[in-house]
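Overview (structure and organization)
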Amino acid sequence: DQQVKQNSPSLSVQEGRISILNCDYTNSMFDYFLWYKKYPAEGPTFLISISSIKDKNEDGRFTVFLNKSAKHLSLHIVPSQPGDSAVYFCAARTNYGGSQGNLIFGKGTKLSVKP
Amino acid sequence: ETGVTQTPRHLVMGMTNKKSLKCEQHLGHNAMYWYKQSAKKPLELMFVYSLEERVENNSVPSRFSPECPNSSHLFLHLHTLQPEDSALYLCASSQGRGAAYEQYFGPGTRLTVT
């Protein structure tokens, strides 16, 4: 059973508008959440993260919001640029036990930003 | 440039072949990982090595055999694979295993089993 879910396989946004990518999780023991971006023929690259003790983290055009009660996080990209077109993976991990640090990934959302 | 390289980038092999995937990290990290990404599935963690010791094997079939000869190199030896093993195999490394340590990924090896 999937612990990290990205229910939208794809998203199309106009350049300059906001992109919102969503992620839901089921394991309340996750204490760290990350977003990775992947271009074709490349490996995923780290984008932004948030600790479970926070509800918002911002880095330039990228902001991640965490709603622990809803077990939901979202990535906002504003303004969106054509170069942001990629597959975005949500990931979560725990900092306890034998599985510490292991990343659990969602299936990804393919973002297309139209000029 | 992520500092993690993988060779080969593409591999086609028959079910009776034996091949190896290679990963090398130039970041001074001491944890390395193998992931599998199948079509329409999330990335799945296969193996974790920390300080050259295998610390996790995520119920991976024995036809996949990892090897970590030193902290910079990681191999995945393949033998008698099945067509359903066709996937993108990604290597990653991190400074440590705790949640504070980011994982850096290589570009992956696209494996096709015929």
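Structural notes, computed from the coordinates. Treat the numbers as computed from the prediction; the structure is a model and nothing was measured.

1. Digging into the interface of chain B and chain A
Residue-level contacts link 23 residues of chain B with 26 residues of chain A. Between chain B and chain A the total buried area reaches about 1700 Å² when both faces are included, carbon and sulfur atoms providing 52% of it. Between R93(A) and E102(B) there is a salt bridge, and its shortest N-O distance comes to 3.9 Å. Taken together, chain B and chain A are joined by two residue pairs in polar contact (both at pLDDT 80 or more). Mapped onto the side of chain B that touches chain A, the elements with two or more residues apiece are strand 4 (31-37), strand 5 (44-50) and strand 9 (87-94) of chain B. In the side of chain B that touches chain A, the residues fall into twelve nonpolar, five polar and six charged.

2. As for the sheet that holds strand 6 (residues 56-59) of chain A
Strands in a sheet are paired, the pairing made by backbone hydrogen bonds, and the direction either parallel or antiparallel. Residue and element names in this part refer to chain A. On the basis of which strands lie adjacent, the open sheet formed by five strands has the order 1-3-8-7-6 and antiparallel pairing. Unpaired on one side and paired on the other, strand 1 (4-5) and strand 6 mark the two borders of the sheet. Two strands pair when backbone bridges link them, and strand 6 and strand 7 (residues 62-67) are joined in this way by four bridges, in the antiparallel orientation. From the neighbouring strand, D59 faces strand 7, where its bridge partner is F62.

3. With respect to the side chain of Q103(B)
Looking at the secondary structure, you find Q103(B) in the loop between strand 9 and strand 10 (104-105). There is a polar contact of 2.7 Å between the side chain of Q103(B) and the side chain of Y35(B). With near-sequence residues (within four places) excluded, Q103(B) lies in contact with Y36(A), R93(A), G101(A), L103(A), Y33(B), Y35(B), A92(B), S93(B) and S94(B).

4. With respect to the state of the cysteines
Evaluated as defined, the whole model comprises two disulfides over all chains. There is a disulfide in this structure between C23(A) and C90(A), and the S-S distance comes to 2.0 Å. One quick way to see it: the torsion about the S-S bond of C23(A) and C90(A) is about -75°, and its sign makes the bridge left-handed. Taken together, the residues C23(A) in strand 3 (residues 19-25) and C90(A) in strand 9 (residues 86-93) connect sequence positions 67 residues apart. The disulfide partner of C23(B) is C91(B), and the S-S distance across this bridge is 1.9 Å. One quick way to see it: the torsion about the S-S bond of C23(B) and C91(B) is about -70°, and its sign makes the bridge left-handed. Here C23(B), found in strand 3 (residues 18-25), pairs with C91(B), found in strand 9; they are 68 residues apart in sequence, far enough to count as distant. Judged by relative accessible area, C23(B) falls into the buried class, the value being 0%. Judged by relative accessible area, which is 0%, C91(B) ranks as buried.

Conventions adopted
- Residues numbered from 1 in each chain as written.
- Chains lettered and ligands numbered in written order.
- Predicted model: local features only at pLDDT ≥ 70, side-chain atom pairs only at ≥ 80, totals over all residues.
- Heavy atoms only, no water.
- Contact = heavy atoms within 4.5 Å.
- Buried area = accessible area lost by both parts, 1.4 Å probe.
- Salt bridge = Lys/Arg side-chain N within 4 Å of Asp/Glu carboxyl O.
- Polar contact = N/O pair within 3.5 Å; in protein donor to acceptor, adjacent residues only side chain to side chain.
- Helix = DSSP H or I, 4+ residues; strand = E, 2+ residues; numbered from the N terminus.
- Nonpolar A, V, L, I, M, F, W, Y, C, P; charged D, E, K, R; others polar.
- Pairing = 2+ DSSP bridges.
- Disulfide = S-S within 2.5 Å.
- Buried < 20%, exposed > 50% of the residue type's maximum accessible area, 1.4 Å probe, protein only.

Geometry only, nothing functional implied.
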